[in-house]
Amino acid sequence: MTDFIFLSKGGEDEYINMLAKSAGKEPTDTDFFDYKYDVLLDGLTPVLRGILKYKIMQKCLADGKDFYYVDSGYVGNNISRQNRMGNKLYHRIVKNDLQQTEIRTRPADRWKALDIKLQPRKFGSKIIVAAPDEKPCRYYGINQEQWVQQTVEELKKHTDRPVEVRQKRPRNDRMAVDTMEEALDNDVHCLVTYNSVAACEAIMQGKPAICLGPNAAASISSTSLADI
């Protein structure tokens, strides 16, 4: 039976604390976590939230040790009738990775409860390149500026459509002004990204996506810029 250690920064991560409580455990302050003793010697499996703990995850991967990563869910965290404030109500738990990349058959009750209407295919003229956030760039060893430059240069080999680079902004800002939904509805042909939730948002809005990295939408997207 797996014995988990729930890593809660300052003991104040409410989501990790809730998971720990549900498992009958006390959360462990991240500052008191010792990888060598807790994982390698005691055989505990870390449950953690937040990509800034990437060093712990990378050590686990290098040593063949399991971990469970918790982060915001891919859908349902936007302003809607069910979520008037656009709070992060839904989360994902992924084993040994940041992204859930496998499509699994599940009952549709939770999806239906979100009341999300999938949009038909929409067309436009320009391409949005959604730059990856600096945090996942650290995990995957990517230089954000270099990735954007190389992606735009490669796109220009395959299309003469105008390209618009969209940098990720603080959550409160991007939910209030110039939202991704508004940007996608502004004459967009396709969205290109690395591993952003924006790919899921684009597909639900009827816009195709090209995913160039681990992404929950990759299995229903193209993964090649030549398909633009």
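Not measured: the values here are computed from a predicted model.

Caption draft 1: Fine view of helix H6 (residues 144–155). With 12 residues, H6 extends 16 Å between its outermost C-alpha atoms, agreeing within 8% with the 16 Å of an ideal straight helix rising 1.5 Å per residue. Buried within H6 we find Gln144, Trp147, Val148, Thr151, Val152 and Leu155. All buried residues of H6 project into a common sector of 125° when viewed along the axis, lining one side. Among the structural elements, strand S6 (126–130), helix H5 (134–140), strand S7 (163–166) and strand S8 (188–193) are those in contact with the buried residues of H6.

Caption draft 2: Region of the structure containing the side chain of glutamine 205. Relative to the helices and strands, glutamine 205 is located in the loop between helix H9 (198–204) and strand S9 (209–211). Not counting residues up to four positions away in its chain, the partners in contact with glutamine 205 are Gln119, Pro120, Lys122, Met180, Glu181, Leu184 and Asp185.

Caption draft 3: Just the packing of aromatic side chains, in detail. Overall, the coordinates contain five aromatic pairs when judged by the stated rule. With a centroid separation of 4.9 Å and 80° between ring planes, the pair formed by tyrosine 139 and tyrosine 140 is classed as edge-to-face. Summarising the aromatic geometry, the rings of tyrosine 140 and tyrosine 194 are spaced 5.6 Å apart at their centres and angled 65° between planes, so their arrangement reads as edge-to-face. Separated by 54 residues along the polypeptide, tyrosine 140 in helix H5 and tyrosine 194 in the loop between S8 and H9 bring together distant segments of the chain. Take tyrosine 194: its relative accessible area is 12%, and that puts it in the buried class. Ring pairing ties together the aromatic residues Tyr139, Tyr140, Trp147 and Tyr194, which thus form one cluster.

Caption draft 4: Inspection of the environment of methionine 180 at higher detail. Assignment of secondary structure puts methionine 180 in helix H8 (residues 180–184). Expressed as a C-alpha distance, the spacing of methionine 180 and glutamate 201, which sit 21 residues apart in the sequence, is 7.8 Å.

Caption draft 5: Focus on the confidence of the model for the protein chain. Of the residues in the protein chain, 95% reach a pLDDT of 70 or more, and the chain-wide mean stands at 90. Mean pLDDT across the elements of the protein chain ranges from a minimum in helix H7 (residues 171–176), with 55, to a maximum in strand S1 (residues 4–8), with 97.

Caption draft 6: The pattern of salt bridges, seen in detail. In total, this model carries 10 salt bridges according to the counting rule given. The salt bridge partner of arginine 104 is glutamate 102, with a shortest N-O separation of 3.6 Å. A relative accessible area of 46% means that arginine 104 is categorised as partly exposed.

The rules behind each value
- In every chain, residue numbers begin from 1 and rise along the written sequence.
- Totals for whole chains, interfaces and linings use all residues, but because this is a predicted model, local features are given only for residues with pLDDT of at least 70 and pairs of side-chain atoms are given and counted only at 80 or more.
- Excluded from the side-chain calculation are hydrogens and water; included are all heavy atoms of the structure.
- In DSSP terms, a helix is any run of H or I states spanning at least four residues, a strand is any run of E spanning at least two, and both are numbered starting from the N terminus.
- An expected span of 1.5 Å times one less than the residue number is assigned to each helix.
- Accessibility here uses a 1.4 Å probe with only protein chains present; expressed as a share of the type maximum, an area under 20% marks a residue as buried, one over 50% as exposed, and anything in between as partly exposed.
- As used here, the arc is the angular range of directions from the helix axis to the C-beta atoms.
- Contacts were defined at the residue level, with two residues in contact if any of their heavy atoms lie within 4.5 Å.
- Pairing of aromatic rings covers Phe, Tyr and the six-membered ring of Trp, with a centre-to-centre limit of 6.5 Å; geometry is then stacked below 30 degrees between planes, edge-to-face above 60, and tilted otherwise.
- Residue-level confidence of the predictor, termed pLDDT, takes values from 0 up to 100.
- Any carboxyl oxygen of Asp or Glu within 4 Å of a side-chain nitrogen of Lys or Arg constitutes a salt bridge here.

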